[in-house]
Amino acid sequence: MQNHREDSEDEAFDAGEAEEENDEEDFAGASDESDLEELAPKPKKARVSPKKPAAKKTPPPKTTSSSSSVVRKTAAPKTAAANTTKGKSPATSAKKSPKPKLMKAEDAEAAVLDYMRKTNRPYSLLNVFENMHRAIAKPSLTKLLDNLVAKEELVSKTYGKAKIYYMNQNNLPVPSEEERLAIEEQIKTVTSECTASEQELKSAEATLSGITSQISDADLDAALKQLEEEAATLETKVETLDQPGRVPVSPGRKDALKRKFTKYRTAWVARKRIAMDGVNQIADGMEKKTKAVLDLVGMETDEEAGIKQVPTI
């Protein structure tokens, strides 16, 4: 009996577990289906935009004939003003240079003849036109000069295309012997005065060049101060050398310094000779002075460096 009860209890327990497993499977299936339904994409609904009512076209306002006439009347002065401003050119707006006043015909001949007599030099038509300040027109001046030539007041000669006019020398008064001598004396006096003025000018230029080439007072003061400082330095050096307790220079060191000095002095003299020989050859080939070649090459001589003579022991 006891075994039968235990078997029945076991069967009941197994049946309960089977039911629970079925319930769990049903729940899992339902949950899976619900999850799939949630994850599935939902179909989108097409949006329908509401149609806007068509805008009614309003006819443009009709302008009256009076307003159009007013507009035309107001626009007309502007166009007229624009035309007037456009019509003005810079040449008309600018001030015109005053033209020379032309001489009268009766005055022009006398003025030209007087001018040619005073100057007594040959002139072309253009020279006379310019020297008379363009007071006579060129065509009138040409006729006037030809008329004076016909009257034998002037003489004309043609050189190629140029025509020269000058005063007729036969019409000029011949000076007397006394007047000629006086004029010659006057010429001599003026010539001597001119020579004296030239000599004064040369002497003044020489004095000016001498003054400008001299050193100024400020430069003299600076050079004097520098020399005084150098003298003071040398004096202190001599004082230190004359001290009784000073150790004399060894003969070996003295000989070494002499050999070194002789070596560098020999090289100095040799290189200077080679350089100057080359410069002289270049100067001969270029047909120039040695100084010009030195300036062209940019070489500095011993004299320019302040060395008048190569030092010796």
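Residues numbered from 1 in each chain as written. Predicted model: local features only at pLDDT ≥ 70, side-chain atom pairs only at ≥ 80, totals over all residues. Heavy atoms only, no water.

A. Quick look at the overall build of the protein. Within the protein, the regular secondary structure consists of ten helices and three strands. In sequence order, the protein lays out its α and β elements as α-α-α-α-β-α-α-β-β-α-α-α-α. Counting all 313 residues of the protein, 9% fall into the buried class. The long-range fraction of contacts in the protein, counting pairs at least 24 apart against all pairs at least 6 apart in sequence, stands at 50%. (Helix = DSSP H or I, 4+ residues; strand = E, 2+ residues; numbered from the N terminus. Buried < 20%, exposed > 50% of the residue type's maximum accessible area, 1.4 Å probe, protein only. Contact = heavy atoms within 4.5 Å.)

B. Layout of unusual backbone geometry. Of note, the phi angle at H133 is positive, near 60°, even though the residue is not glycine. Positioned with a positive phi, E287 is a non-glycine residue whose angle comes to about 55°. For E287, the position within the fold is in the loop between α9 (251-286) and α10 (290-297).

C. Expanded view of the packing of aromatic side chains. Applying the stated rule across the entire model yields one aromatic pair. One residue, K138, lies across the ring of F129, its end atom 5.3 Å from the ring centre. Across from the ring centre of Y264, 5.8 Å away, lies the NZ or CZ of K263, which sits over that ring. (Phe/Tyr/Trp six-rings, centres within 6.5 Å; stacked < 30°, edge-to-face > 60°. Lys NZ or Arg CZ within 6 Å of the ring centre and 35° of its normal.)

D. Fine view of the pattern of salt bridges. A full pass over the atoms with the stated rule returns nine salt bridges. In this structure, E130 and R134 form a salt bridge, with 3.0 Å as the shortest nitrogen-oxygen distance. Residue E130 is classed as partly exposed on the basis of its relative accessible area, which comes to 35%. D146 serves as the salt-bridge partner of K163, at 3.5 Å between the closest nitrogen and oxygen. With K163 in strand β3 (residues 162-167) and D146 in helix α6 (residues 138-150), the pair connects residues that are 17 residues apart, well separated along the chain. Residues participating in the shared-partner salt-bridge network are E177, R180 and E184. (Salt bridge = Lys/Arg side-chain N within 4 Å of Asp/Glu carboxyl O.)

E. Broad picture of the side chain of D302. Along the chain, D302 turns up in the segment after α10. Relative accessible area serves as the criterion here: at 15%, D302 is assigned to the buried category. One polar contact links D302 to K272, side chain to side chain, over a distance of 3.0 Å. (Polar contact = N/O pair within 3.5 Å; in protein donor to acceptor, adjacent residues only side chain to side chain.)

F. Representation of the side chain of N168 within the structure. Note on placement: N168 falls in the loop between β3 and α7 (177-213). In terms of polar contacts, N168 uses its side chain to reach the backbone carbonyl oxygen of E152, at 2.9 Å. In contact with N168, not counting residues within four places along its chain, are E152, E153, L154 and V155.

G. Structural view of the pairing of β3. Where strand β1 (residues 123-124) meets β3, two bridges bridge the pair, whose relative direction is antiparallel. The residue of β3 that forms the bridge with S124 is I164. Inspection of the sheet shows strand β2 (residues 154-159) paired to β3 by six bridges, in the antiparallel sense. Bridging across to β3, L154 finds its partner in M167. Linking two consecutive strands that pair antiparallel, namely β2 and β3, is a turn of two residues; a positive phi of about 70° is found at G160 within it. (Pairing = 2+ DSSP bridges.)

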